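# Geometric and topological summary
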Amino acid sequence: MNHLFLYLALAAYFGATGLWLAYFLAQRETYHRAGAWVMAGGLAVHTLALIQRAIFAGSLVAATFGEALLLLGWALAAAFLLLIWRYPIKVLGVLVAPLAALMVSGALLLPPVSGPVSPLLQGFWLTAHICLTLTGYAALALAGLGGVLYLIQERQIKGKQFGFFYRRLPSLSQLDTLNYWCLTIGFPLLTGGIITGSLYAQHALGRFFSWDPKEILTLIAWLIYAVLLHERLAVGWRGRRAALLAICGFLVLVCTFVGANLWLTGYHSFAGFIQKP
Amino acid sequence: MNLLLCGVNHQTAPVALREKLACLIPDVGAAYDHLQTWPQISESLLYTTCNRVELMCVTEAPEEAAAQIREFFARHPEVAPTDLDESFYIHRDQAAVQHFFRVASSLDSLVVGEPQILGQVKQAYRDAVEHRATGPILNRLVHKAFSVAKRVRGETGIGDHAVSVSYAAVTLAKKIFGDLAGKNVLLLGAGEMAELALEHLKGQGAGKITVANRTLERGVRLARRFGGEAVSLEELPDQLLTVDILISSTGAGDFLISRDQVKGVMRRRKQRPLFLIDIAVPRDLDPGINDLDNVYLYNIDDLKEVVEQGWERRRHEATKAERLVAAETLKFLNWLETLAVYPTIIDLRDKAEAICQAELKKTLNQLGPLTPAQRQALEVLTASITRKLLHDPIIFLKRNRRPKNPHQELNLVRRLFNLDRDRNGNASEEN
């Protein structure tokens, strides 16, 4: 299959990374605006690439790790552009753009796995499972990255060091609000992803939960986010603790997504999705 | 034609002298009337700020003009001429332009980067225009200075860094709360620095303001000034529940608020951030408070550190600004040089026009009656021939290939076209 669109998207994401890095260092508004436009252009060609693939395969595909990475990168870029359009935390681009670029390059570097996709992996419920889970991941990833920025900025203010980062990072309250928003959007999406997934598992395999490493890790991440959301709403947790938990949850999600697919085996890992000839 | 800038500033003259000289200005009208009686000075602009009294002018005779301006400054009955010996400076041409740009960009100020100075220069310029003291050169210079100041402000972060303790508190609050609108402020004790900080916070849209003071009477007075309410010190624990920013300056000797007290309050506040500023010596607030989550405690030394760094940043940004000013100064001087050729260009065009008209008149007399169309065709013909003929000499003048000796080419052209004899009215070419 032709990878032209993907290479274009990759170039755009790297370009946006450079522009946001320039914005971070020089603090010129034009760099930020250019970065957002280049990123949006990248997202557009990325969308075209996904459509091309979907037409080629006949349905939305996430049967290999590379394909899942492509979808997740798309969701992350889209979620981020939506975020900075409504709520400009501009420096977040420095973290998000390279992450999106990494995901697309990962998808391009991984050896393509060929073979027909198992019929088990098609159908509405599964598509819903994939979409909800990946958009949830994207929103929660933003919360985690925002948490990193929060911790850096909080350290500067508490430690009374007013250096490089203090001047460039936004205020603590903005970063905390980012955490709250991404959590309230990402948590229901992740929940929906888990529910649709287990319903489909019941339908296809006859059981809700298979004690598969990926499922267990996802459940742990879900519990972390549930605790965070509950404490935020009930006790008023915020700031450092909220940022730390968001980062923890994000790391568990990374393990779920990368680790469970590459190192652990289970029926949920991508290696098992392709029918062996 | 020369540019001349004379005056005194905070680096050369003590405040007593600057005050006396500034007294010359309040009656701007009289000052300009006086200046306009001197034929050497064609344009002038007089301005004072808290740190300077300066006069910028355009003159054909810089030496004489400088001497006269000095006399003008010494006119004040309490100023002895010897007072000016050391403090009076005279900048010419490039130095004058550069100095003026630096003043407008607040690089020559006591507090580098303070924003008020541009407003003061603007006001002075309005006065000068009102009294018709400025002309084409100063108008352009002043507008250029405004745009340089704007660029300096926009492209270097010279005004971005807090250089006073009270303002440092505000910038910190912004880094914690983002927007200060609606944030409640509690003033604990009164003092100059605390009141200044409160004023800044109010300027940023702070919400409810409360004053707690040992003597309620003083607290009430202060609260009234800021449109807030006064409470007694006993109500402090309750106040901690609603306040967002607390400025403490009682210097009571013991800690007014302990770590455990704040810890308990934070739970009931649902962890809403609390910014505590302790500018009292000895300190009012337990330094351990800073270890608590979502509580940020700053004492006077911390704030001074912010200010010190602000100064450092400003100095750093100032060097960038100086480069910008130097480049703009050169650009302005280039423009000024091209200005010198304009009288010659006008003379050239006038002479050509005169020849055209004279020759046309002669030819029309000889040709007899013509239709208006024919007549117009002749006029267009002569006009376009002279315009095209003069095009190259004019371009030659404007380009000025010898910047070191600009008058050489100018004189050549004037001699070539015999412009100076024309001006004296000796002879016109037609006979």
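Residues numbered from 1 in each chain as written. Chains lettered and ligands numbered in written order. Predicted model: local features only at pLDDT ≥ 70, side-chain atom pairs only at ≥ 80, totals over all residues.

### A short note on the overall build of chain A
Heads up, the rule is: Only runs of H or I of at least four residues qualify as helices and only runs of E of at least two qualify as strands under DSSP, and these elements are numbered from the N terminus. Partly exposed residues are those falling between the two cut-offs: more than 12 but fewer than 20 other C-beta atoms within 10 Å of their own, whereas 20 or more means buried and 12 or fewer means exposed, with C-beta atoms placed from the backbone. Residue pairs are scored as contacts if the distance between their C-beta atoms, which are placed from the backbone, is within 7 Å.
Per the secondary structure count, chain A includes nine helices and zero strands. Going residue by residue from the N terminus, the α and β elements of chain A occur as α-α-α-α-α-α-α-α-α. When burial is assessed residue by residue, chain A has 44% of its 277 residues classed as buried. Look at the contacts in chain A between residues 6 or more apart in sequence, and 81% of them connect residues 24 or more apart.

### Overview of the domain arrangement of chain A
Many descriptions give the size of an interface as the accessible area lost when the pieces come together. All names here are of chain A. Heads up, the rule is: Domain start and stop positions are those given by an automatic or database domain assignment. Put simply, Ala, Val, Leu, Ile, Met, Phe, Trp, Tyr, Cys and Pro go in the nonpolar bin, Asp, Glu, Lys and Arg in the charged bin, and everything else, Gly too, in the polar bin.
Looking at the assigned domains, one finds that chain A contains domain 1 (1-114) and domain 2 (124-277). The interface of domain 1 with domain 2 comprises 22 residues on the first partner and 21 residues on the second. For the side of domain 1 that touches domain 2, the secondary-structure elements that each account for two or more residues are α3 (65-86) and α4 (93-109). When residues of the side of domain 1 that touches domain 2 are assigned to their parent elements, the largest contribution, nine residues, is made by α3. Here the residues of the side of domain 1 that touches domain 2 are counted per class, giving 20 nonpolar, two polar and no charged.

### So, the packing of helix α1 (residues 4-26) of chain A against α4(A)
Residue and element names in this part refer to chain A. Definition in use: Every angle, taken between N-to-C directions, lies between 0 and 180 degrees, and every axis is a line fitted to C-alpha atoms, over only the stretch in contact when it is a helix. Should an angle fall under 35 degrees it is taken as roughly parallel, and over 145 as roughly antiparallel, whereas 65 to 115 is taken as roughly perpendicular and any remaining angle as oblique. Take the far helix as the reference: if the near one is turned anticlockwise from it by less than a right angle, the crossing is left-handed, and if turned clockwise, right-handed.
One can describe the packing of α1 onto α4 by two numbers: an axis separation of 8 Å at closest approach and a directional angle of 155°. Comparing their axes, α4 and α1 come out roughly antiparallel. You can see that α1 and α4 cross each other, and the crossing is left-handed. For the pair α1 and α4, contact is made by L6, A9, L10, Y13, F14, A16, T17, W20, L21 and F24 and by G93, V94, A97, P98, A100, A101, V104, S105 and L108, respectively. Classifying every residue of the contact of α1 with α4 gives 16 nonpolar, three polar and no charged.

### With respect to the sheet that holds strand β8 (residues 245-248) of chain B
Residue and element names in this part refer to chain B. Counted only if it meets this: Pairing between two strands requires that DSSP report at least two bridges joining them.
Read from one edge of the open sheet, six strands run β7-β6-β5-β8-β9-β10, paired in parallel fashion. Whereas interior strands pair on both sides, the edge strands pair on one side only; in this sheet they are β7 (229-231) and β10 (295-299). Adjacent strand axes in the sheet meet at a mean angle of 20° when their direction is disregarded. As paired elements, strand β6 (residues 209-212) and β7 share three bridges and run parallel to each other.

### Looking at the pairing of strand β2 (residues 41-49) of chain B
Residue and element names in this part refer to chain B. β2 sits mainly inside the fold: eight of its nine residues count as buried. Bridging between β2 and strand β3 (residues 52-59) involves eight bridges; their strand directions are antiparallel. Residue pairing for β3: E43 is matched across the bridge by V58. In this structure, the hairpin formed by β2 and β3 is closed by a connection of two residues.

### Brief notes about the sheet that holds β3(B)
Residue and element names in this part refer to chain B. Spatially, the four strands line up as an open sheet ordered β2-β3-β1-β4, and their pairing is antiparallel. Edge strands, defined here as strands with exactly one partner in the open sheet, are β2 and β4 (89-92). Put simply, the sheet's adjacent strands are angled 15° from each other on average, direction ignored. As defined by bridge partners, strand β1 (residues 2-9) adjoins β3 across eight bridges and the pair is classed as antiparallel.

### Here we look at the pairing of β8(B)
All names here are of chain B. Where we set the bar: The crossover handedness rule: strands pointing away from the viewer, path from first strand over the helix to second strand clockwise, crossover right-handed.
Burial along β8 is two-sided: the residues I245 and I247 and L246 and S248 are all buried. Note: strand β5 (residues 185-188) against β8, four bridges, orientation parallel. Each residue of the ladder has a partner; that of V185, found in β8, is I245. Two strands pair when backbone bridges link them, and β8 and strand β9 (residues 274-278) are joined in this way by four bridges, in the parallel orientation. Each bridged residue has a counterpart across the sheet, and for L246 the counterpart in β9 is L276. In terms of handedness, the path from β8 via helix α12 (residues 259-268) over to β9 forms a crossover that is right-handed.

### A short note on the interface of chain B and chain A
Between chain B and chain A, the contact holds 16 residues from the first and 14 residues from the second. Of all the secondary-structure elements, those providing two or more residues to the side of chain B that touches chain A are α8 (165-177) and α13 (300-339) of chain B. Of the residues assigned to the side of chain B that touches chain A, the class counts are five nonpolar, five polar and six charged.

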